[in-house]
Amino acid sequence: MNTKIEIRDVPKMNLAFVMSIGDPGLAGAYTKLINWMNSNKVNENENTKMMTIYHDNFKNTEPGNVRASACVILSEPIDVSGEGIDLKTNQGGKCIVGSFEIHPDDFEQSWKSLYLWMRENGYKKSTQNPFELYHNNFTEHPDKKCLVEFYIPID
C-alpha cells in the first residue's frame, strides 16, 4: 500500500450530489449522478473529480443504514431543478489527508489506519463529515488500483 499523510487547508467545494442509504445504495447513487453528468455535459473536463461524503460512521452504524453522498465537484454553478440531483457546499477547512494507491478491498483498512494516525498524533475530528476524493477510474489502472485521498476534517 502506497500512502502519504499530511495536514491540509481544504478550500470550499461546490458539489452536485445524490444521497444514498446503505452500502449497496452508493453504487446506485453514483449511477444516477454519472447519468446526470453525461446528459448535462458536466464531466467533459478532464479535471472533473468525484467524491463520497460519509454522514455516518461504519463503526457506530449498521452498513445497511450508513448515509453517504455520491458527489461531483462543480467548477461553475449549474441548475439541477427537476433532475433528482441536489447541491451543497462542502465548507472546507483543516483536514488530515491520506493519499493512497490501493485496491478497492483496501479502503476499510486504509480508513482505519488514517484514524489511528489521527489519534496517535493528537488530532480530534471536527463535526464535518469525512470524505474520499477519487483521482482515477481504477478499472483503467494497469493494476486495478484506486488513486484516492481520504479526508478527515479536524478542529
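Just above sits the structure.
Now for a description of the structure that goes with this document. (Residues numbered from 1 in each chain as written. Predicted model: local features only at pLDDT ≥ 70, side-chain atom pairs only at ≥ 80, totals over all residues. Heavy atoms only, no water.)

Turning next to the sheet that holds strand E8 (residues 146-153). The antiparallel open sheet is built from eight strands, whose spatial order is E1-E6-E8-E7-E3-E4-E2-E5. In the strand order of this sheet, the two ends are held by strand E1 (2-10) and strand E5 (86-90), each with one partner. Taken over all neighbouring pairs, the strand axes of this sheet differ in orientation by 30° on average, direction set aside. Of the strand pairs in this sheet, strand E7 (residues 131-134) and E8 are connected by four bridges, and their pairing is antiparallel. Pairing of Leu 133 across the sheet is with Glu 149, part of E8. Lying over the sheet, helix H2 (residues 107-120) contacts E1, strand E3 (50-54), strand E6 (93-102), E7 and E8, oriented at roughly 35° with respect to E8. (Pairing = 2+ DSSP bridges. Helix = DSSP H or I, 4+ residues; strand = E, 2+ residues; numbered from the N terminus. Axes fitted to C-alpha atoms, helices over the stretch in contact; angles between N-to-C directions. Contact = heavy atoms within 4.5 Å.)

Inspection of the secondary structure assignment puts Asn 2 in strand E1. Taking the C-alpha atoms as reference, Asn 2 lies 29 Å from Gly 28; in sequence the two are 26 residues apart. Setting aside anything within four residues of it in sequence, one finds Asn 2 in contact with Ser 99, Phe 100 and Glu 101.

Further remarks concern the packing of aromatic side chains. Inspection of every chain in the model, using the stated rule, returns nine aromatic pairs. Residues Tyr 30 and Tyr 134 carry aromatic rings whose centres are separated by 6.4 Å and whose planes lie at 70° to one another, so their mutual orientation is edge-to-face. You can see Tyr 30 sitting in helix H1 (residues 25-39) and its partner Tyr 134 sitting in strand E7, a full 104 residues away along the chain. Here Tyr 30 and Tyr 134 have matching classes, each one buried. Plain terms: the ring middles of Trp 111 and Phe 150 are 4.4 Å apart, the flat faces sit at 5° to each other, and that makes the pair stacked. Of this pair, Trp 111 sits in helix H2 while Phe 150 sits in strand E8, and the two are 39 residues apart along the sequence. No difference in accessibility class separates Trp 111 from Phe 150, as the two residues are buried. Here the aromatic residues Tyr 54, Phe 58, Phe 100, Phe 107, Trp 111, Tyr 115 and Phe 150 are joined through ring pairs into a cluster of three or more. In this structure, Lys 88 packs its charged tip against the face of Phe 17, placed 4.3 Å from the ring centre. (Phe/Tyr/Trp six-rings, centres within 6.5 Å; stacked < 30°, edge-to-face > 60°. Buried < 20%, exposed > 50% of the residue type's maximum accessible area, 1.4 Å probe, protein only. Lys NZ or Arg CZ within 6 Å of the ring centre and 35° of its normal.)

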